[in-house]
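# Examination of the molecular architecture
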Amino acid sequence: MKTKMIWANFAIEDLDRTTDFYTKLGFKSNGRSNELTSFFFSDNSFVIHFFLKDILEKNTKVAFSNRQNPNEIIFTLSAETKEEVDQWAKSITDAGGKIDSEPQEFGDGYYGFVFSDPDGHKFNVFMM
């Protein structure tokens, strides 16, 4: 079986808060409706849709975790330098995100950190 595309769907609580957060981080909008806000996350047009939780649950017939529950996946955002990683950390904090693990070196030539968006979705910013 071959798929034409892949994208992610996350459940959120507040469209304005999520739109504001990812806009402040510089991600390009892929559109917004009264049910979702969507952004491009890379040069290869990887898309993440952020649906209002009740809409996503109604449409999929699946319950989604809340902020207190762990994530099933952590997306990694690639950085070119340590300075870029550090700038990401500052931008995320300034935009209202939470740094879960401070920028640090691990292994030879690896540097990064983990953050949570306002709905608790986790991302890793990583330089190698």
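Residues numbered from 1 in each chain as written. Predicted model: local features only at pLDDT ≥ 70, side-chain atom pairs only at ≥ 80, totals over all residues. Heavy atoms only, no water.

### A short note on unusual backbone geometry
Operational definition: A helix here means a DSSP run of H or I that spans at least four residues, while a strand means a run of E at least two residues long, and both kinds are numbered starting from the N terminus.
The phi dihedral of Ser45 falls on the positive side, at around 65°, and the residue is not glycine. By secondary structure assignment, the location of Ser45 is in the loop between strand S3 (36-40) and strand S4 (47-52).

### Focus: the packing of aromatic side chains
Definition in use: Only the six-membered ring of Trp is used, alongside the rings of Phe and Tyr, when aromatic pairs are assigned; centres must lie within 6.5 Å, and planes under 30 degrees apart are stacked while those over 60 apart are edge-to-face, with the rest tilted. The buried label applies to any residue whose accessible area, calculated with a 1.4 Å probe on protein chains only, is under 20% of its type's maximum; exposed applies above 50%, and partly exposed to all values in between. When the NZ atom of lysine or the CZ atom of arginine is within 6 Å of a ring's centre and also within 35 degrees of its normal, the charge is said to sit over that ring.
Applying the stated criterion to the full structure yields 21 aromatic pairs. On the numbers, 6.5 Å between centres and 50° between planes, the contact of Phe21 with Phe115 is tilted. Here Phe21 is found in helix H1 (residues 15-24), whereas its partner Phe115 is found in strand S7 (residues 111-116), with 94 residues between them in sequence. A residue is classified by how much of its surface remains accessible, and Phe21, at 1% relative accessible area, is buried. Taking relative accessible area as the criterion, Phe115 reaches 1% and is therefore assigned buried. The positively charged end of Lys82 is found above the aromatic ring belonging to Tyr111, 5.3 Å away from the centroid.

### Points about the sheet that holds strand S1 (residues 8-12)
Basically, it comes down to this: At least two bridges found by DSSP between two strands is the condition for calling them paired. Whenever a helix is involved, its axis is fitted only over the stretch in contact; in every case the axis is a line through C-alpha atoms, and angles between N-to-C directions fall within 0 to 180 degrees.
Pairing within the open sheet is mixed, and its four strands lie in the order S1-S4-S3-S2. Strand pairing shows two members of the sheet lacking a second neighbour, S1 and strand S2 (28-32), which therefore form its edges. Strand-to-strand twist of the sheet, defined as the mean angle between neighbouring strand axes without regard to direction, takes the value 25°. In this structure, S3 lies alongside S4, joined through five bridges in antiparallel fashion.

### Some points on the pattern of salt bridges
How we decide: Salt bridges, as used here, are contacts in which a Lys or Arg side-chain nitrogen is within 4 Å of a carboxyl oxygen on Asp or Glu.
Counted under the stated rule, the structure contains eight salt bridges. The residue Lys24 makes a salt bridge to Asp20 at a minimum N-O spacing of 3.2 Å. Highlighted residues: Lys24 and Asp20, both in helix H1, separated by four residues, approximately one helical turn. Taking the relative accessible area as the measure of exposure, Asp20 reaches 37% and is therefore partly exposed. With a closest N to O distance of 2.6 Å, Lys90 and Asp94 form a salt bridge. Here Asp94 and Lys90 lie together in helix H3 (residues 82-94), a separation of four residues that amounts to about one turn. For Lys90, a relative accessible area of 45% translates into the label partly exposed.

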